[in-house]
Amino acid sequence: MQPIVKYTNVTKKYGDLEVLSGVNLEIKPGEKVAMIGPSGSGKTTLGRMLMTLEEPTSGTIELDGELLWHTRVKGRLVRANEAHLHRMRMNVGMVFQHFNLFPHMTVLRNVTEAPRKVLGLSKEEAEERAVSMLRKVGLDEKLIVYPAQLSGGQKQRVAIARALVMRPKVMVFDEVTSALDPELVGEVLEVIREIADEGEMAMLLITHEMDFARDVADRVIFGADGTIVEEGPPEAIFDDPQSERLQMFLKRFR
Ligand code: ADP
């Protein structure tokens, strides 16, 4: 089966700082991959590159068999133009640690904005889709309130609906519960779990919630120092870690 996402030898530098050093990673259609690892190990950067928010310094990324950041011209790899990036970006949804909702727009408008502007849906079509997504995340009674009137958990569920409404092939969840009060974490993870159970979409879940990763992921990746140190099914990673690096890392969560 062709992978939906394929990173090949991806390196990323910020100035002199090399945060990713030749990462290879494939995600199959519908596969849920959890990415764990210490802060600063490049997890967010990896997700942001898929969302076309960061450009790899070298290496290639493919999305559904097409090059994301590059195209081939007469066999040679060249940087893709903005139109290509725009088209590719529509296949990926991303939810961030800090929600990033539009504060001056109602919940409904936050969710209909991209389907209208990017997909060109009519107001009615966009609202129909948005309401069904907001129902899925349990917020269809908050359509006309503003983000400031919502709890952190509710804001994050709106952000999830906003990403899902575009029907992406891949969703990236980047530490989506890290900024939440502990009592609000559960409701957000539950929503993600339900979406994961539906099965169709591939997911890259960057998380510090080890129990959640164990439950939801088909495969867990442990990244450190710019590379993937260990990967495998959740049971292998959490119950039988091989590398000392991973063993040390997991001790902090026991
Ligand atoms: P993680 O998600 O694993 O915590 P990140 O991908 O956020 O790691 O960051 C990896 C490293 O890259 C960190 O040292 C961070 O400070 C650095 N970094 C991230 N974004 C930038 C940027 N835009 N400019 C410079 N350094 C950055």
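Residues numbered from 1 in each chain as written. Predicted model: local features only at pLDDT ≥ 70, side-chain atom pairs only at ≥ 80, totals over all residues.

## With respect to the overall build of the protein
Quick reminder of the rule: To qualify as a helix, a DSSP run of H or I must reach at least 4 residues; to qualify as a strand, a run of E must reach at least 2; elements of each kind are numbered from the N terminus. Buried residues are those with 20 or more other C-beta atoms within 10 Å of their own C-beta, exposed residues have 12 or fewer, and partly exposed residues lie in between; C-beta atoms are placed from the backbone. By definition, residues are in contact whenever their C-beta atoms, placed on the basis of the backbone, come within 7 Å of each other.
Along the backbone of the protein there are nine helices and twelve strands. Every one of the 254 residues in the protein was classed for burial, and the buried ones make up 40%. Considering only contacts in the protein between residues 6 or more positions apart, those separated by 24 or more positions represent 64%.

## A closer look at the UniProt feature "domain: ABC transporter" (unreviewed entry) in the protein
The test is simple: UniProt positions are given in the numbering used here, feature names are shortened, and annotations may be inferred rather than shown by experiment.
Taking the UniProt record as the reference, the feature "domain: ABC transporter" (unreviewed entry) is found at residues 5–250. Between the C-alpha atoms that bound residues 5–250 the distance is 27 Å, and the span itself is 37% helix and 28% strand.

## Side note on the site of the ligand
Heads up, the condition is: What makes a residue near a molecule or strand is its C-beta atom, placed from the backbone, lying within 6 Å of it. Note on residue classes: Ala, Val, Leu, Ile, Met, Phe, Trp, Tyr, Cys and Pro are nonpolar, Asp, Glu, Lys and Arg are charged, and everything else, Gly too, is polar.
Taken together, Y14, V19, G37, S39, G40, S41, G42, K43, T44 and T45 form the complete shell of residues around the ligand. Sorting elements by how many residues they give to the shell around the ligand places helix α1 (residues 43–50) first, with three residues. Split by residue class, the shell around the ligand holds two nonpolar, seven polar and one charged.

## Overview of unusual backbone geometry
Positive phi values are uncommon outside glycine, yet T52 reaches one of about 60°. Of note, T52 is situated in the loop between α1 and β4 (58–63). A positive phi angle, close to 50°, is found at K74, a residue other than glycine. By the element assignment, K74 lies in the loop between β6 (70–73) and β7 (76–79). Residue class for K74 comes out exposed when judged on the 5 C-beta atoms lying within 10 Å of it.

## Remarks on the sheet that holds strand β1 (residues 5–14)
Strand pairing in a sheet relies on backbone hydrogen bonds, with the paired strands running either antiparallel or parallel. Quick reminder of the rule: For two strands to be treated as a pair, DSSP must find no fewer than two bridges joining them.
Strand order in the open sheet formed by four strands is β2-β1-β4-β5, with antiparallel pairing between adjacent strands. Here the strands that pair on one side only, and so sit at the sheet edges, are β2 (17–27) and β5 (66–67). One ladder, built from five bridges, connects β1 with β4; its direction is antiparallel. If you follow T8 over to β4, its bridge partner there is T60.

## Quick look at the packing of helix α3 (residues 107–117) against helix α4 (residues 123–136)
Selection criterion: Note on definitions: angles span 0 to 180 degrees between N-to-C directions of axes, and those axes are lines fitted to C-alpha atoms, for helices only across the stretch in contact. In what follows, roughly perpendicular refers to angles from 65 to 115 degrees, roughly parallel to angles under 35, roughly antiparallel to angles over 145, and oblique to any angle outside these ranges. Helix crossings get a hand from a simple test, with the near helix turned counterclockwise from the far one by less than a right angle marking a left-handed crossing and a clockwise turn marking a right-handed one.
Interhelical geometry of α3 versus α4 gives an angle of 125° and a closest axis separation of 9 Å. As judged from the angle between their axes, α3 and α4 are oblique. Along this stretch, α3 crosses α4, giving a crossing that reads as right-handed. Here V107, L108, V111, T112, P115 and R116 of α3 lie close against α4, whose contacting residues are K123, A126, E127, R129, A130, M133 and L134. Class assignment for the residues of the contact of α3 with α4 results in eight nonpolar, one polar and four charged.

## A word on the sheet that holds strand β9 (residues 170–174)
The strand order β8-β9-β10-β3-β11-β12 describes an open sheet built from six strands, whose pairing is mixed. Of all strands in the sheet, those with a lone pairing partner are β8 (92–95) and β12 (227–232), marking the two edges. Recorded for the sheet is a direction-independent mean angle of 20° between the axes of neighbouring strands. Across four bridges, β8 lies against β9 in parallel orientation. Paired with M94 across the bridge in β9 is V172.

## A few points about the nonpolar core
Short version of the rule: Buried Ala, Val, Leu, Ile, Met, Phe, Trp, Tyr and Cys residues form a nonpolar core when they are connected through C-beta atoms within 7 Å.
By size, the foremost hydrophobic cluster in this structure holds 70 residues, and its most contacted members are A161 and L205. When sequence neighbours within four positions are dropped, the list of residues in contact with A161 reads V111, M133, L134, K136, V137 and L139.

## What to know about the pairing of β1
Across a regular strand the side chains alternate sides, sitting on one face of the sheet and then on the other. When β1 meets β2, the two strands line up antiparallel, connected through eight bridges. Residue pairing for β2: V5 is matched across the bridge by I27. Where β1 folds back on β2, the antiparallel hairpin that results is connected by two residues, among which G15 adopts a positive phi of roughly 60°.

## Description of the pairing of β4
Pairing geometry for β4 and β5, over two bridges, is antiparallel. Paired with L63 across the two strands is E66, which belongs to β5. Counting the residues between successive antiparallel strands, the hairpin from β4 to β5 contains two residues, one of them, D64, with a positive phi of roughly 55°.

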